[in-house]
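Observations on chain architecture
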Amino acid sequence: MELTKYNNLKIEDLEATARAFAETDEFIRLMTLYRCAIMEIETKLRVLDAEFSLQYDRNPFEHIESRLKKPVSIIEKMQRRGIPLTTRDMERELFDIAGIRVMCSFIEDIYKLSDLLVEQDDVLLVTRKDYIANPKPNGYRSLHMIVDIPIFLSEGKRHMKVEVQFRTIAMDFWASVEHKLKYKKSLKNPEEVTERLQRCAGILSQLDDEMESIRLKIDMEDENV
Ligand code: 0O2
């Protein structure tokens, strides 16, 4: 589908365009492929979880969430970046249409699990952004990876990109609350809120470190029994 003159559309018109785009056969098919890619990655993570729990006697993640980016968010992003509105360009330029979020208890498990995932020979690491080692200025922390994986269809193999975000429960708590607060725009003193959220991120980071240290102590005492 070629919808050329969508660059200057206002939000209401963008929503209508998104609805029309989302009803096309190519869009529906592409989203089905992304859903399959999510299933592949989820299965890989669940297999790793089962094996890891045998080896280390704990589950590396608490839970997983997945989502397909909403058509209007896809179109907004394409408009922002000046990408032509075709499914081919959408697939070529946007890497976060399929998203998986993995919530772990400990930072160490984030690195172990993410390394194990990208070490698999059918998983190709496209990009990795470590906002745990280098938090965003607002305090946001998570490990983001774009991976490329094959899905196997009746007509053959197809490579798809999936964004995988790894977080601790504390990081997820902060990101969820901060995301909700972002929409409350009518603040008298937004700088104060930003500062307090940064402070909360710092407290939660200390909490993650303390939890990790408690676990290490318990593991060491267990080994000595
Ligand atoms: P949604 O609803 O999750 O899809 P890009 O994604 O390429 O446009 P960028 O900055 O290169 O932009 O990507 P990055 O840094 O990897 O972050 C993308 C996603 O991480 C966001 O997706 C959020 O899910 C999450 N994220 C990044 N920064 C923050 C933050 O400061 N606060 C919160 N709560 N989440 C953040 P989307 O597309 O914004 O939304």
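Preceding this paragraph is the structure being described.
Residues numbered from 1 in each chain as written. Predicted model: local features only at pLDDT ≥ 70, side-chain atom pairs only at ≥ 80, totals over all residues. Heavy atoms only, no water.

**Points about the overall build of the chain**
Where we set the bar: In this text, helices come from DSSP runs of H or I with a minimum length of four residues, and strands from runs of E with a minimum of two, each type numbered from the N-terminal end. The buried label goes to any residue with under 20% of its type's maximum accessible area, the exposed label to any with over 50%, and the partly exposed label to all in between, with areas taken from a 1.4 Å probe on protein chains only. What makes two residues a contact is simply this: any of their non-hydrogen atoms within 4.5 Å. Surface accessibility in these figures is a Shrake-Rupley result with a 1.4 Å probe; residues are shielded only by whichever protein chains are displayed. In this tally, Lys and Arg are treated as positive and Asp and Glu as negative; His is ignored, and so are the chain termini. In plain terms, the charge of a residue is placed at NZ if it is Lys, CZ if Arg, CG if Asp and CD if Glu.
Looking only at helices and strands, one finds seven helices and five strands in the chain. Its helices and strands taken in sequence order, the chain reads α-α-β-α-α-β-α-β-β-β-α-α from the N to the C terminus. Taken over the C-alpha atoms alone, the chain extends approximately 70 × 55 × 20 Å along its principal axes. When each of the 225 residues of the chain is scored for burial, the buried share is 40%. Within the chain, contacts between residues at least 6 apart in sequence are counted, and of these 68% link residues at least 24 apart. Taken as a whole, the chain presents about 13,500 Å² of accessible surface, with 53% of it coming from carbon and sulfur. Once the 35 positive and 42 negative side-chain charges of the chain are each reduced to a mean point, those two points are 7 Å apart.

**Here's the deal with the sheet that holds strand β5 (residues 156-168)**
Worth spelling out the cut-off: Paired strands, as defined in this entry, are two strands with at least two bridges between them according to DSSP. The axes used here are C-alpha line fits, helices contributing only the stretch in contact, and every angle between their N-to-C directions lies in the interval 0 to 180 degrees.
As summarised here, the arrangement of the five strands in space is β1-β2-β5-β4-β3, forming an open sheet in which the pairing is mixed. On the outer flanks of this sheet lie β1 (61-68) and β3 (124-130), each paired with one strand and no other. The sheet shows a mean angle of 25° between the axes of neighbouring strands, taken without regard to direction.

**Comments concerning the environment of I107**
The residue I107 is located in helix α5 (residues 107-119) in this model. Judged by relative accessible area, I107 falls into the buried class, the value being 13%. Along the backbone, I107 and F166 are 59 residues apart, and their C-alpha atoms lie at a distance of 9.1 Å. Once residues lying within four places of it in the same chain are set aside, the contact partners of I107 are I132, R141, T168, M171, D208, D209 and E212.

**Looking at unusual backbone geometry**
In the Ramachandran plot, D57 falls in the positive-phi region, its phi being about 65° despite a non-glycine side chain. Of note, D57 is situated in the loop between α2 (25-56) and β1. Its relative accessible area of 71% is what places D57 among the exposed residues.

**Considering the pattern of salt bridges**
Our working definition: Any Lys or Arg side-chain nitrogen found within 4 Å of a carboxyl oxygen on Asp or Glu counts as a salt bridge.
For the structure shown, the criterion picks out 20 salt bridges. Note that E155 and R29 form a salt bridge whose closest N and O atoms lie 2.6 Å from each other. Taken together, the residues span a long stretch of sequence, with E155 in the loop between β4 (143-153) and β5 and R29 in helix α2 at a distance of 126 residues. For E155, a relative accessible area of 57% translates into the label exposed. When the shortest N-O distance is used, the salt bridge between D89 and R92 registers 2.9 Å. Placement of both D89 and R92 in helix α4 (residues 87-93) is noted, with a separation of three residues, approximately one turn of the helix. Given the relative accessible area of 12%, D89 is considered buried. Overlapping salt bridges bring together R58, E108, D109, K112, E212, R215 and D219 as one network.

Worth remembering: the numbers are spatial, not functional.
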